[in-house]
Amino acid sequence: MQKHTGLPQAFADLGVEVRFLKAIGKMNFVDPSDIQLQMIPRGLEGRDILGQAQTGTGKTAAFGLPILQQIDPAGRLQALCLAPTRELAVQVTGELKRIAEFANLRIVAVYGGQKVATQLHLLGHKPHFVVGTPGRVMDFMRRGVLQIARVRFVVLDEVDRMLDIGFRDDIREILSQATGEHQTIFVSATIDDEIKRLAQRFAHNPVDIDVSQDRLTVADVDQSYVTVDAWDKFRLLKLLLKQEDPPVAIVFCNTKAGARKLAKRLHGAGVNAKEIHGDLVQQKREHVMDRFRKHQIKVLVATDLAARGIDVNSISHIINYDIPPDSEVYVHRIGRTARMGAEGVAITLVTSEQGKELTNIEKLINLEIVERTIDGFKPSTPREELQEAQAPPPLSRFETPVFSNGEAAPAKLPRRTLGSRFRPARGRRRL
Ligand code: ADP
Ligand code: MG
């Protein structure tokens with residue numbers, strides 16, 4: 001919906017001013033996402049907000065637009081946003097700066113790891129908006145170079161991750177020092193009781209906006225499933241990773257033990273894979289995530305809990321090695337891919353006993369997931385797989401394969417494969 005003005009009219013309808021419409025038009029925003037539709041007008045009204053939406057749904061602009069628009073360019077520091085990591089602080093600052101391109105506002109990021117002197121220098125430029133990690137923000141507050149008592153806007157971005165990382169005390173301390181009248185916005189991919197308590201304590205009658213079941217992002221993902229016997233899953237996954245060659249993929253397992261074992265097997269097969277699950281200490285998890293973010297790890301083997309709040313840009317593939325027992329978990333998993341405007345691929349391995357789970361997912365997302373076949377993949381019988389696992393001596397090319405009972409193995413019917421991009425017509429599936 002774009003009028004001849006070239007400005008994104010749907011955002012104008014929400015109350016966004018021309019100086020910002022110009023900028024987001026340049027960023028190719030046309031229609032607001034669901035979280036933006038709900039948060040922008042509320043934010044402009046001055047309401048406190050507790051907003052929940054999946055990763056990649058445009059939460060930065062959802063809080064950024066209403067706040068930037070309310071900042072007085074003639075005034076001093078007016079807004080503070082806390083973010084869990086250095087990367088996120090930088091990312092959010094970049095996005096806010098693009099949004100404010102025509103608004104003449106100064107936005108600065110402060111985070112650990114960079115020279116204090118450099119950031120002190122930036123703070124000297126009298127920013128209107130500071131985005132920072134809680135640790136560094138506290139540090140600057142203690143030094144007396146960052147006074148937040150009179151800020152008018154406080155944002156907690158990715159609250160769930162900040163709590164995971166253990167910024168609890170810093171957050172409370174910072175929030176309680178913002179003593180002037182201000183608007184508070186929390187955004188998070190997941191919201192639990194602890195976050196609700198935090199909001200109750202530090203926000204005033206916040207509007208609760210939850211679009212985490214939003215179908216939008218799910219519909220943008222190229223979703224398919226592959227029918228496979230349990231004993232063939234690993235072989236199929238290997239082939240799939242080889243053929244798809246995803247630059248950045250997450251493979252989901254339902255259990256910690258499963259994730260550990262799978263990561264080990266993949267590693268053994270020469271795949272650049274690492275596991276992330278609740279048994280790893282926080283520091284180790286952060287380390288793995290950090291390397292994954294830098295694309296030093298290609299395949300992350302994860303359990304659902306550990307994958308909470310993964311914010312890596314450009315995750316191309318989500319592979320459900322185990323179909324999630326709960327349909328909502330499926331939506332959370334595949335929400336990691338297909339950031340706005342980008343296409344993601346989600347492939348689910350399904351055994352013949354799991355047709356019901358698959359149907360439940362389809363009912364929830366209100367979409368049919370198509371079956372696909374993997375080029376060159378030949379299902380084995382469990383017995384063959386067992387033999388393979390026991391590593392029999394390789395057959396010479398001229399030997400006829402035999403089963404251990406001495407019978408010649410029956411020739412397999414060739415399975416028709418139609419290329420990985422083939423999309424069968426909708427209809428009854430064989431499972
Ligand atoms: P989240 O914080 O929810 O994970 P981000 O705010 O980081 O998501 O946004 C993800 C990407 O989507 C960014 O590149 C952003 O510029 C883009 N984006 C946000 N809103 C829109 C929109 N309405 N139309 C198109 N792209 C958008
Ligand atoms: Mg975000």
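Residues numbered from 1 in each chain as written. Chains lettered and ligands numbered in written order. Predicted model: local features only at pLDDT ≥ 70, side-chain atom pairs only at ≥ 80, totals over all residues. Heavy atoms only, no water.

K.L.:
Give a description of the overall build of the protein that names residues and reports values.
P.N.:
Counting its secondary structure elements, the protein contains 17 helices and 14 strands. By residue count, 50% of the 431 residues in the protein fall in the buried class. The contacts in the protein between residues at least 6 apart in sequence include a share of 76% that link residues at least 24 apart. Here the protein displays about 20,800 Å² of accessible surface, and carbon together with sulfur accounts for 51% of that area. (Helix = DSSP H or I, 4+ residues; strand = E, 2+ residues; numbered from the N terminus. Buried < 20%, exposed > 50% of the residue type's maximum accessible area, 1.4 Å probe, protein only. Contact = heavy atoms within 4.5 Å. Areas by Shrake-Rupley, 256 points an atom, 1.4 Å probe, with all protein chains shown as cover.)

K.L.:
Quick one: what's the story with the packing of helix H2 (residues 18–26) against helix H4 (residues 59–70), residue by residue and with numbers?
P.N.:
Across the interface, H2 lies against H4 with an axial gap of 10 Å and an inter-helix angle of 145 degrees. The handedness of the crossing between H2 and H4 is right-handed. Contact residues: Arg19, Phe20 and Ile24 in H2; Leu65, Leu68 and Gln69 in H4. When its residues are assigned to classes, the contact of H2 with H4 shows four nonpolar, one polar and one charged. (Axes fitted to C-alpha atoms, helices over the stretch in contact; angles between N-to-C directions. Left-handed = near helix turned anticlockwise from the far one by under 90°. Nonpolar A, V, L, I, M, F, W, Y, C, P; charged D, E, K, R; others polar.)

K.L.:
With reference to specific residues and values, describe the site of ligand 1.
P.N.:
Close to ligand 1 lie 16 residues, the nearest being Asp31, Gln36, Gly56, Lys59 and Thr60. Contact distances for ligand 1 include 3.1 Å between an oxygen atom and a backbone N or O atom of Gly58. Within the side chain of Lys59, one N or O atom sits 2.9 Å away from an oxygen atom of ligand 1. Computed on the free molecule, ligand 1 has an accessible area of 560 Å², of which 82% lies beneath the protein chains in the complex. Here the residues of the shell around ligand 1 are counted per class, giving four nonpolar, eight polar and four charged. (Near = heavy atom within 4 Å. Polar contact = N/O pair within 3.5 Å; in protein donor to acceptor, adjacent residues only side chain to side chain.)

K.L.:
Got a sec to walk through the nonpolar core? Specific residues and values, please.
P.N.:
Residues Met39, Phe63, Leu65, Ile67, Leu68 and Phe129 are the most contacted members of the largest nonpolar core, which totals 44 residues. Here the element with the most residues in this core is H4; it accounts for six residues. Contact partners of Leu68, with chain neighbours within four places excluded, come to Phe20, Leu96, Ile99, Ala100, Leu105, Ile107 and Phe129. Judged by nonpolar contacts, the second largest core, of 31 residues, contains Leu146, Val151, Val159 and Leu175. (Core = buried A, V, L, I, M, F, W, Y, C linked by side-chain atoms within 4.5 Å.)

K.L.:
Could you give me a rundown of the pattern of salt bridges, with the residues and numbers involved?
P.N.:
Taken as a whole and judged by the stated rule, the model has 14 salt bridges. One salt bridge in this structure joins Lys26 and Glu101, with 2.8 Å as the shortest N-O distance. On the criterion of sequence distance, the pair formed by Lys26 in helix H2 and Glu101 in the loop between helix H5 (86–99) and strand S3 (107–110) is long-range, its members being 75 residues apart. By relative accessible area, Glu101 is classed as partly exposed at 43%. Linking Arg98 and Glu95 is a salt bridge whose minimum nitrogen-to-oxygen distance equals 3.2 Å. With Arg98 and Glu95 both in helix H5 and three residues apart, this pair spans about one turn of that helix. (Salt bridge = Lys/Arg side-chain N within 4 Å of Asp/Glu carboxyl O.)

K.L.:
Which residues make up the sheet that holds strand S1 (residues 49–52), and what values do they have?
P.N.:
Overall, parallel pairing links the seven strands, which are arranged S3-S4-S2-S5-S6-S1-S7 in an open sheet. Across the chains shown, the open sheet's two edge strands, defined by having one partner strand only, are S3 and strand S7 (207–210). Taken pair by pair, the neighbouring strands of this sheet meet at an average axis angle of 15 degrees, ignoring direction. Bridge count between strand S2 (residues 79–82) and strand S4 (residues 129–132): four bridges; the pairing is parallel. (Pairing = 2+ DSSP bridges.)

K.L.:
I'd like a description of the packing of aromatic side chains, backed by residues and values.
P.N.:
The final tally for this structure, using the stated rule, is one aromatic pair. With 6.1 Å between their ring centres and 35 degrees between their planes, Phe11 and Phe29 make a pair best called tilted. Of this pair, Phe11 sits in helix H1 (residues 9–12) while Phe29 sits in the loop between H2 and helix H3 (34–45), and the two are 18 residues apart along the sequence. Given the relative accessible area of 0%, Phe11 is considered buried. Look at Phe29 and you get buried, because its relative accessible area is 17%. In this structure, Lys22 is placed above the aromatic ring of Phe102, and the distance from its NZ or CZ to the ring centre is 5.4 Å. Here the guanidinium or amino end of Arg265 rests over the ring plane of Phe234, the centre of that ring lying 4.1 Å away. (Phe/Tyr/Trp six-rings, centres within 6.5 Å; stacked < 30°, edge-to-face > 60°. Lys NZ or Arg CZ within 6 Å of the ring centre and 35° of its normal.)

K.L.:
Any chance you could break down helix H15 (residues 327–334) for me, citing the residues and the numbers?
P.N.:
Given 3.6 residues to a turn, an α-helix orients residues that are three or four positions apart in the same direction. All of the buried residues in H15 are Ser327, Tyr330, Val331, Arg333 and Ile334. The buried residues of H15 all sit within an arc of 160 degrees when viewed along its axis, so they share a single face. (Arc of directions from axis to C-beta.)

K.L.:
Tell me about the pairing of S4, and name the residues and values.
P.N.:
Of the two faces of S4, the one carrying Phe129 and Val131 and the one carrying Val130 and Gly132 are both buried. Bridge count for S3 against S4 is four bridges, and the pairing is parallel. Bridge pairing in S4 links Val108 to Val130.

K.L.:
Give me the lowdown on the environment of Ser316, citing residues and values where you can.
P.N.:
Topologically, Ser316 is positioned in the loop between strand S11 (299–302) and strand S12 (317–320). Overall, the relative accessible area of 14% leaves Ser316 in the buried class. A sequence separation of 69 residues divides Ser316 from Pro247, and the C-alpha atoms of the two residues are 6.6 Å apart. When near neighbours in sequence (up to four residues on either side) are disregarded, Ser316 contacts Pro246, Pro247, Val248, Thr337, Gly344 and Val345. In terms of polar contacts, Ser316 uses its side chain to reach the side chain of His317, at 2.9 Å.

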